[in-house]
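# What the coordinates show
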Amino acid sequence: MLVPFLNSPSTVLLGVLAAFVFTCLAVQLGSRRLPRDMGREYAVQGQLSAGKPRGAGFLFILAFTAAALLFAPISLEMVLYLLMTFASMMTGFLDDCSSTPWDEYRKGLLDLAVSVLTIVTYINFNGTEVRFALLGKSWQVPVWLFGTLGVILLWSAINVTNCTDGVDGLLGTLSLVTLGSFYLAGQRLGGVDPGWQSVILLMMAAILAYLWYNTSPSSLMMGDAGSRALGLFTAIAALKTRDPFLYIPLALVIIADGGAGLAKISLKRFLKISILKSIRTPIHDHVRKNKDWSNPQTVYRFAAVQALLGFTALWLIKG
């Protein structure tokens, strides 16, 4: 924290306001320099995004990072998480800027590298105890098992979140609901680093500012730069509660929406197994194409379902 002269509540409030203002300023000053979207032929209404600035995740993650360094309690662990989030953003942003989209294997390996570094950081500072808040129990997990499952969580979160981004305001709104749920889970469970809790609020403020420009009809899009960073950050939020199982109920809509497409493509490509033949993936494309949902209906209904799931999980938590 670079403003230690403020007391903690004032610092957090100032940080939230700063993250929002920094993001708005970053968008105003930087959006014209972002790459332009070419439209996506495979996506429902993908042609409507053609010509819009993409990669806005670069702007709001940069603004969030600045606000966190200035106003959040900073430790070595926190700095490393900020670096990993920034690195995940940069891998996505370089893809956003590329005239030829990066192949899936390159992106997958970069996501794997970031995931490994992140889980090593987490284990080093937090150990490998896992609690299951819905049962009120905890276990000490072997390092090799915790590390393996942690990498799977982080890598999967990056990719399902990336696949969910495709409707104006959808991923930003779902991320707000999910991160807000993790913040409340941390408050209810206790024992969660208060510095990390503050950082969650700063990220939520940056997303709120981004949504000012991304609600339908959007004027810019987060691109892989934003979605990959948000996926990693959300998975870290799950780890920091010491109950990574909470990622399932608190991010279930993102998992289902983005994960359906990943599962469908992966099973078809590697095992020659076809699933979900009558469902277009991501699911947000299915409901818009086959159910005639408008973009605002898709955003609200998906967010409403996730909010109900989050409320239920928080109600069932045994502190």
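Refer to the preceding data block for the structure.
Okay, so let's go over this structure. Remember, predicted model here, so these are calculated numbers, not experimental data. (Residues numbered from 1 in each chain as written. Predicted model: local features only at pLDDT ≥ 70, side-chain atom pairs only at ≥ 80, totals over all residues. Heavy atoms only, no water.)

## Focus: the overall build of the protein chain
A tally of helices and strands in the protein chain yields 12 helices and 2 strands. Secondary structure elements of the protein chain, listed N to C terminal, follow the sequence α-α-α-α-β-β-α-α-α-α-α-α-α-α. Referenced to the eigenvectors of the C-alpha coordinate spread, the extents of the protein chain come out at roughly 50 × 45 × 35 Å. Taken across its 319 residues, the protein chain has 53% of its residues classed as buried. In the protein chain, the share of contacts with a sequence separation of at least 24, taken over all contacts with a separation of at least 6, comes to 77%. About 14800 Å² of surface is accessible on the protein chain, with carbon and sulfur atoms providing 68% of the total. Here the protein chain contributes 25 positively and 17 negatively charged side chains, and the mean placements of these two sets differ by 4 Å. (Helix = DSSP H or I, 4+ residues; strand = E, 2+ residues; numbered from the N terminus. Buried < 20%, exposed > 50% of the residue type's maximum accessible area, 1.4 Å probe, protein only. Contact = heavy atoms within 4.5 Å. Areas by Shrake-Rupley, 256 points an atom, 1.4 Å probe, with all protein chains shown as cover. Lys, Arg positive; Asp, Glu negative; His and termini not counted. Charge placed at Lys NZ, Arg CZ, Asp CG, Glu CD.)

## Overview of the packing of aromatic side chains
All told, the structure shown has 10 aromatic pairs when counted by the stated rule. Here F132 and F245 contribute two aromatic rings whose centre-to-centre distance is 5.1 Å and whose plane-to-plane angle is 35°, an arrangement assigned as tilted. Residue F132 is found in strand 1 (residues 129-132), and its partner F245 is found in the loop between helix 8 (223-240) and helix 9 (247-250); the two are separated by 113 residues along the sequence. The class for F245 is partly exposed, based on a relative accessible area of 41%. An aromatic cluster is present here, built from F64, Y81, W196 and F233 joined pairwise through their rings. The ring of W102 has R106 lying over it, and the distance from NZ or CZ to the ring centre is 4.8 Å. Sitting over the face of the ring of W293, R301 holds its NZ or CZ atom 4.7 Å from the ring centroid. (Phe/Tyr/Trp six-rings, centres within 6.5 Å; stacked < 30°, edge-to-face > 60°. Lys NZ or Arg CZ within 6 Å of the ring centre and 35° of its normal.)

## A look at the environment of V199
Position of V199 relative to the elements: it lies in helix 7 (residues 194-214). In the structure, V199 is positioned 24 residues away from S175 in sequence and 14 Å away in space, judged by C-alpha atoms. For V199, the residues in contact, after removing those within four places along its chain, are F64, A72, M78 and F233.

## Structural notes on the state of the cysteines
Inspection of the entire model under this criterion finds 0 disulfides. Free cysteine C97: the closest other cysteine sulfur is in C163, separated by 20 Å. Here C97 falls in the partly exposed class, since its relative accessible area comes to 40%. (Disulfide = S-S within 2.5 Å.)

## Some words on the nonpolar core
Residues F64 and W196 are the most contacted members of the largest nonpolar core, which totals 79 residues. Examining the composition of this core, we find that 13 residues originate from one element, helix 7, more than from any other. Leaving out residues up to four positions away in the same chain, W196 has contacts with M78, Y81, F233, I236, A237 and K240. (Core = buried A, V, L, I, M, F, W, Y, C linked by side-chain atoms within 4.5 Å.)

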